[in-house]
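For reference, the chains in residue letters:
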Amino acid sequence: MEDRTILEVETVTKWFGGVAAIVNVSFSLQKGELLGVIGPNGSGKTTLVNLLTGFVKPNSGKIIYQRKDIAGQQPHKVAALGIARTFQMAKPFYQLSAFKNLIIPLYSPRVKKLRGGKYGDRDDVAIDLLEDVGFERDSSVPYKIASSLPHGYVKRLELARCLALRPDLLILDELFSGMSMAEVAGTLPIIEKLNVEGLSIIMVEHRLKELFRVAHRVMVLNFGAKVVEGSPSEVMASDAVKAAYLGSEDDA
Amino acid sequence: MAMRYRKERLDRGIKVRCDDVFALSSYREILYLAMPRVLPVAILLLFPLLKGVVGLYWEKTLVVTCTVSLLALSWDLMASVGLISLGQALFFGAGAYLTGYLNYAFKLSPIVTIPLGTLGGALFSTLLLLPVLRLRGIYFAIVTLTLPLLLGRFIETTKILGGGEGMSGLSPLPNIWFELYVAVFALLVCLFSFRRLINEDYGLVLQGIRDNDRAVMSGAISIYRFKIQAVFIAGLAASFAGAFMTHYYQFVGMSAFAMDYSIVPLTAAVLGGPGTFAGSVIGAFILVPLSEALRGFGTLRVVFYSAILIICVVALPEGIFHYMRRKYHQFERLTEIG
């Protein structure tokens, strides 16, 4: 049978000084799957994203991506293999206009190779990408300088920056944080569509309701360890999750 | 019936969507756009011809000003990648010493030593900075501040390359015309190629590294490679300045690594408005002649110079170039309506 696994994480551990940020976490991701990662603040979600994308080196463990161990590789090399990520604190290239923000990933060796060295119509490609994430094509928004964009646009620009790479695996680090209800409602179908078209996605999110609607599988982290993994309904029913995650919300 | 008029900005109707796309339909519009570029170039090219009017002293000041402009442009390019340098003297000194040594030891002509000194100086300085290119902000700045001082003292104590006395009696440049026009051309070539470079896709990547290097990395681009290239290109401009001045003064000594060559270009860029290159040149063309004009005040010169500098920076924190550009685009004309 054909191996559909795109990512296989084996007992990865990361210490920051005396603090264990990620402890013995293992999981795998199938091609075309959408995996949700949830957990309370400080449970290691962003560290996990940083480990997967090369921004942080694991102390031990393997990260097998398309049958190749990428643990500890430099971020641009990981990205060149087709893993794109958003940042939780979205920082666009402030002094460039929105569509010029996308020229930078489009200029990468990976994209040049995928496009067969053809490079003439990059402005059009950038505008198309922006349209895909909900920028109004014929308005002035794609041409606005990034520092003047509203937060919802900045987050979606971040998504477009990832899509410019033509990724095989997309990792979203709290894409919805700081977005209004309307903005989330507008962005969720974009992600669903990407997933339906075959893109594998790992989605780290605090907005559980939206996440549970689109995720095939959900993994719960607490204090850096995997607590539960399963379908959204299984995870919602789990007592361990309520204790670790939802329980802490009752206290607040 | 009386004519009615309203005010309209000159650039209205020229700009299309973004700031750098224009639709031109008349000579006046072309003139409006071209003037700010053509006029300074014309003045620069004509100034050397006015030797009889302005005198040799000010012609020589032009050479020094062009040199400082090159250093300021070099600083600005590095700043565009987010590398704040406090030590353009490193490139200047490296270019100057290599050129001087090639002429002193092998009697090579300036036509050979200046290009070699430019290339070699930039290469040497870039290699020296390689290990610290991963540093950012103030940490990188401190290293660049220290390196030229270190090299200067190293030459003094080890007595290599002429030691504390330097190397004198180097070949002069052919004539004053050569000096003036090489300086002016170098400045113009550097200014316009840097402005071009930063707006190309390559330059967008450089600006991206300045704004958010992590996002560039996750865009599958090696920021280290781009930083090295940018430092080398910036180094070429500054090392050329050093190489040129070595033959201009017919001397190279420890003064080539002096702090002046680090601080004055930095001040020029900040005063003129960093990130635009034109600003750096405007800054240099204010600071250097001002410093010369104030010579008559003797010791008080530094006081006046500093006071003027402080007033400028406080009054125009955005930089002179940004201010001028804003005002230029706000010019209005009266148009008939109805």
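Rules and cut-offs
- Residues numbered from 1 in each chain as written.
- Chains lettered and ligands numbered in written order.
- Predicted model: local features only at pLDDT ≥ 70, side-chain atom pairs only at ≥ 80, totals over all residues.
- Helix = DSSP H or I, 4+ residues; strand = E, 2+ residues; numbered from the N terminus.
- Rg over C-alpha atoms; globule rule 2.2 N^0.38 Å.
- Buried ≥ 20, exposed ≤ 12 C-beta atoms within 10 Å, placed from the backbone.
- Pairing = 2+ DSSP bridges.
- pLDDT = per-residue confidence, 0-100.
- Contact = placed C-beta atoms within 7 Å.
- Nonpolar A, V, L, I, M, F, W, Y, C, P; charged D, E, K, R; others polar.
- Axes fitted to C-alpha atoms, helices over the stretch in contact; angles between N-to-C directions.
- Core = buried A, V, L, I, M, F, W, Y, C linked by C-beta atoms within 7 Å.
- Parallel < 35°, antiparallel > 145°, perpendicular 65-115°, else oblique.
- Left-handed = near helix turned anticlockwise from the far one by under 90°.

### A short note on the overall build of chain A
Next up, step 1: Secondary structure summary: chain A contains 10 helices and 10 strands in total.
Next up, step 2: The C-alpha atoms of chain A give 18 Å as radius of gyration, which agrees with the globular expectation for 252 residues (18 Å, within 12%).
Next up, step 3: Principal-axis analysis of the C-alpha atoms gives chain A an extent of 50 × 40 × 40 Å.
Next up, step 4: In chain A, which comprises 252 residues, the proportion classed as buried is 45%.

### Re the overall build of chain B
Next up, step 1: A tally of regular secondary structure across chain B gives 14 helices and six strands.
Next up, step 2: Its C-alpha atoms give chain B a radius of gyration of 22 Å, within 12% of the compact-globule value 20 Å for 338 residues.
Next up, step 3: Taking the principal axes of the C-alpha coordinates as reference, chain B spans close to 85 × 60 × 40 Å.
Next up, step 4: Relative to its 338 residues, chain B shows a buried fraction of 42%.

### Side note on the pairing of strand E1 (residues 5-16) of chain A
Residues and elements named next belong to chain A.
Next up, step 1: Sheet topology places E1 next to strand E2 (residues 19-30); eight bridges connect them, and they run antiparallel. Considered in E2, the bridge of Glu8 is made with Ser28.
Next up, step 2: Linking E1 to E2, which pair antiparallel, is a turn of two residues; within it Gly17 sits at a positive phi near 60°.
Next up, step 3: Sheet topology note: the E1/strand E4 (residues 60-65) ladder contains five bridges and is antiparallel. Bridge pairing in E4 places Glu10 opposite Lys62.

### A word on the confidence of the model for chain B
Next up, step 1: The pLDDT averaged across chain B works out to 91; a share of 96% of its residues lies at or above 70.
Next up, step 2: Interface confidence for the predicted complex, given as ipTM, is 0.90, next to a pTM of 0.91.

### A look at the interface of chain A and chain B
Next up, step 1: The partner chain B presents 18 residues to the 26 residues of chain A that form the contact.
Next up, step 2: Taken together, the residues that form the side of chain A that touches chain B break down as 15 nonpolar, six polar and five charged.

### Let's talk about the pairing of strand E6 (residues 332-337) of chain B
Residues and elements named next belong to chain B.
Next up, step 1: Summarising burial for E6: zero of the six residues are buried, a small minority.
Next up, step 2: Of the pairings in the sheet, the one linking strand E1 (residues 4-9) to E6 comprises six bridges and is antiparallel in character. Among the inter-strand pairings, Tyr5 is bridged to a residue of E6, identified as Glu336.

### Some remarks on the sheet that holds strand E8 (residues 200-204) of chain A
Pairing between the strands of a sheet is mediated by backbone hydrogen bonds and can be parallel or antiparallel.
All names here are of chain A.
Next up, step 1: Overall, mixed pairing links the six strands, which are arranged E6-E7-E8-E3-E9-E10 in an open sheet. Each edge of the sheet is formed by a strand with only one pairing partner; in this case those strands are strand E6 (83-85) and strand E10 (225-230). Direction aside, neighbouring strands of the sheet carry axes that sit 20° apart on average.
Next up, step 2: As paired strands, strand E3 (residues 34-38) and strand E9 (residues 217-222) are joined by four bridges and run parallel to one another. Note on E9: the bridge partner recorded for Val37 is Met219.
Next up, step 3: The sheet contacts of helix H1 (residues 45-52) involve E3, E6, strand E7 (169-173), E8 and E9, and relative to E7 the element is tilted by about 150°.

### Things to note about the nonpolar core
All names here are of chain B.
Next up, step 1: Grouped together as the largest cluster of nonpolar side chains are 164 residues, with contacts concentrated most on Leu70, Leu73 and Val281.
Next up, step 2: When residues in this core are grouped by element, the largest group, 13 residues, is from helix H10 (residues 223-249).
Next up, step 3: Excluding anything up to four places from it in sequence, Leu73 contacts Cys190, Leu191, Phe194, Ala237, Phe277, Ser280 and Val281.

### Thoughts on the packing of helix H8 (residues 201-211) of chain B against H10(B)
Residues and elements named next belong to chain B.
Next up, step 1: Taken N-terminus to C-terminus, the directions of H8 and H10 make an angle of 110°; their axes are 10 Å apart at the nearest point. Classified by the interaxial angle, the pair formed by H8 and H10 is roughly perpendicular. The handedness of the crossing between H8 and H10 is left-handed. Across the interface between the two elements, Val205, Leu206 and Ile209 from H8 touch Ile223, Phe226, Lys227 and Ala230 from H10.
Next up, step 2: Residues that form the contact of H8 with H10 fall into these classes: six nonpolar, no polar and one charged.

### Quick notes on helix H3 (residues 98-106) of chain A
Next up, step 1: Where burial is concerned, most of H3(A) is hidden: nine out of the nine residues are buried.
Next up, step 2: Every buried residue of H3(A) is accounted for by A:Ala98, A:Phe99, A:Lys100, A:Asn101, A:Leu102, A:Ile103, A:Ile104, A:Pro105 and A:Leu106.

### Considering the sheet that holds strand E5 (residues 68-69) of chain A
Residues and elements named next belong to chain A.
Next up, step 1: The four strands lie next to each other as E2-E1-E4-E5, forming an open sheet whose pairing is antiparallel. Here the strands that pair on one side only, and so sit at the sheet edges, are E2 and E5.
Next up, step 2: Contacts from H1 reach E1, E2 and E4, with the element oriented near 65° to E2.

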